[in-house]
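Structural description and commentary
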Amino acid sequence: MAELALYLYWTSVVTAPIAALLYWAYLASASLAVRRVAAQTNAGTVSVSVPAAGPNAGLGRLATTFTVLTTVFLAGWFAARWAARGYAPLSNLYEFTTAFAFGTCAAYLAFEAVYRNRRYGALALPIVVAMLGIAATFPKEIVPLIPALQNGPLLTIHVSVMMLSYAVLTVAFCGAVVYLAQGGEGKRRFAALPSADAAGDLAHKAVMVGFPLLGLGIALGAWWANSAWGRYWGWDPKETSALVTWLSLVAYFHARAGSGSVAGAPGIRRLVPARLRRGWRPDPMWWLVVMWGLVMFTYFGVNLWISGLHSYAGV
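Model, not experiment: these values are computed from the prediction.

Criteria and cut-off values
- Residues numbered from 1 in each chain as written.
- Predicted model: local features only at pLDDT ≥ 70, side-chain atom pairs only at ≥ 80, totals over all residues.
- Heavy atoms only, no water.
- Helix = DSSP H or I, 4+ residues; strand = E, 2+ residues; numbered from the N terminus.
- Contact = heavy atoms within 4.5 Å.
- Areas by Shrake-Rupley, 256 points an atom, 1.4 Å probe, with all protein chains shown as cover.
- Expected span 1.5 Å × (residues − 1).
- Buried < 20%, exposed > 50% of the residue type's maximum accessible area, 1.4 Å probe, protein only.
- Salt bridge = Lys/Arg side-chain N within 4 Å of Asp/Glu carboxyl O.
- Core = buried A, V, L, I, M, F, W, Y, C linked by side-chain atoms within 4.5 Å.
- pLDDT = per-residue confidence, 0-100.
- Patch = residues over 30% accessible without salt bridge, like charges linked within 9 Å, V, L, I, M, F, W, Y side chains within 5 Å.
- Phe/Tyr/Trp six-rings, centres within 6.5 Å; stacked < 30°, edge-to-face > 60°.

A few words now on the overall build of the protein. Scanning the protein for helices and strands turns up ten helices and zero strands. Listed by position from the N terminus, the elements making up the protein come as α-α-α-α-α-α-α-α-α-α. The long-range share in the protein, meaning contacts at least 24 apart out of those at least 6 apart in sequence, stands at 76%. When the accessible area of the protein is evaluated, it comes to approximately 14800 Å², of which 68% is carbon and sulfur surface.

With 15 residues, helix H4 (residues 121-135) extends 21 Å between its outermost C-alpha atoms, agreeing within 8% with the 21 Å of an ideal straight helix rising 1.5 Å per residue. Buried within H4 are the following residues: Gly121, Ala122, Ala124, Leu125, Ile127, Val128, Met131, Leu132 and Ala135.

What follows concerns helix H6 (residues 196-229). Helix length check: H6, at 34 residues, gives a terminal C-alpha distance of 46 Å against a target of 50 Å (1.5 Å per residue), a fit within 8%. At the C-terminal side of H6, Gly230 shows a positive phi close to 80°.

The next subject is the pattern of salt bridges. Side chains that carry opposite charge are capable of pairing whenever their charged atoms lie near each other. Inspection of every chain in the model, using the stated rule, returns five salt bridges. Residues Glu95 and Arg81 are paired through a salt bridge, measuring 2.9 Å at the closest nitrogen-oxygen approach. Here Glu95 is found in helix H3 (residues 93-115), whereas its partner Arg81 is found in helix H2 (residues 57-85), with 14 residues between them in sequence. Arg81 carries the same exposure label as Glu95, and that label is buried.

Ranked by internal contacts, the top residues of the largest apolar core, which has 81 residues, are Trp77, Tyr108, Leu125, Leu249, Met285 and Leu288. Elements that contribute at least two residues to this core include exactly helix H1 (2-42), H2, H3, H4, helix H5 (152-181), H6, helix H7 (237-263) and helix H10 (285-304). Top contributing element to this core by residue count: H5, with 18 residues. Once residues lying within four places of it in the same chain are set aside, the contact partners of Leu288 are Ala172, Phe173, Ala176, Ala203, Val207, Leu249 and Tyr252.

For the protein, mean pLDDT is 83; residues scoring 70 or higher make up 81% of the total. Helix H8 (residues 266-271) is the least confidently modelled element of the protein, averaging 38 in pLDDT, while H4 averages 96, the highest of any element. Predicted confidence for residues 261-272 stays below pLDDT 50, and this span has ten contacts to residues more than four positions away or in other chains. A low-confidence stretch, residues 275-280 (pLDDT under 50), is modelled with six contacts involving residues beyond four sequence positions or located in other chains.

Once that is clear, we can look at a nonpolar patch on the surface. On the surface, a nonpolar cluster with roughly 410 Å² of combined accessible area is contributed by Phe297, Leu304, Trp305 and Ile306. Tracing the backbone through its elements, the reader meets Ile306 in the segment after H10. Accessibility expressed as a relative area gives 32% for Ile306, which makes it partly exposed.

The next subject is unusual backbone geometry. The phi dihedral of Arg116 is positive, around 50°, even though this residue is not glycine. Accessibility expressed as a relative area gives 75% for Arg116, which makes it exposed. Unlike most non-glycine residues, Trp235 shows phi in positive territory, near 55°. Locating Trp235 in the fold gives a position in the loop between H6 and H7.

Among the secondary structure elements, Ala192 is positioned in the loop between H5 and H6. A relative accessible area of 8% places Ala192 in the buried class. Ala192 sits 160 residues away from Leu32 along the chain, and the two C-alpha atoms are 8.7 Å apart. Leaving out residues up to four positions away in the same chain, Ala192 has contacts with Leu27, Ala30, Ser31 and Arg119.

Moving on, we come to the packing of aromatic side chains. Counting across every chain of the model gives 18 aromatic pairs. Between Tyr23 and Tyr108 the ring centres are 5.7 Å apart and the planes differ by 90°, which places this aromatic pair in the edge-to-face class. Highlighted residues: Tyr23 in helix H1 and Tyr108 in helix H3, separated in sequence by 85 residues. Comparing Tyr23 with Tyr108, the two get one shared label, buried. An aromatic cluster is defined as three or more aromatic residues linked by ring pairs; in this entry it consists of Tyr9, Trp10, Trp77, Phe78, Trp82, Tyr94 and Phe102.

See the structure below:
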């Protein structure tokens, strides 16, 4: 089963880049349609501000197909590695990074199905490719668990919830990047990308799923810490970093509520120019960019460069 898991992993390493390239080709097909309309407008033959045709539907379906294949291969990897180990493969950087790629694929596909928009895949799939590439650099041998990890049920539940929260929050990050690239609420700089409002809605809905999942994962970690080390919280670097990541989402909700209150106050809007109002605080979506940076630091930084009780890199 270990050999089957490795085979499925390397198969996903092949299909994921193909999916990413297809999503980019799908996005480029929309850009080309926009350019054709602009050329006709400059010539004075037509005057429209939207693409004359949508992106190539065949490319989009093919991109989704390869993403589904990648997800299936990674699900097979997870099952085969679990069978070979006897417990969930979530105990070192190779396993968790591959599982993170699997979760991101699955979470992205779920949001793609709900929102019926494939263009976010041009951001989500390169992240999956990067995670699989990083995982390839870590040792893949199956070794016995250290004593602190020898709790199969809690290992599975706690780490799975953390991985799923990171995956969903990665989708939120993709939505935030598109929102900011478009220039913020009500704007659309690039016709080939989803509108800022649509991207912001996607990011917010993903945060509404990822935020409680991350909180639950931290709480489950505290429960496990009490079982393993006799205390619920000890300000270990990973515990602290995970808490700061969760608090960055609290800051996002606070900033979103604050910007909404300003936007809804007609007296302030009349007295203060829009340019100055925008200068008072950064757009709340920047907090989601900060959040994802903290996720990456919590995951890679703490495991690789900062020693602590949670240093289980396996490298």
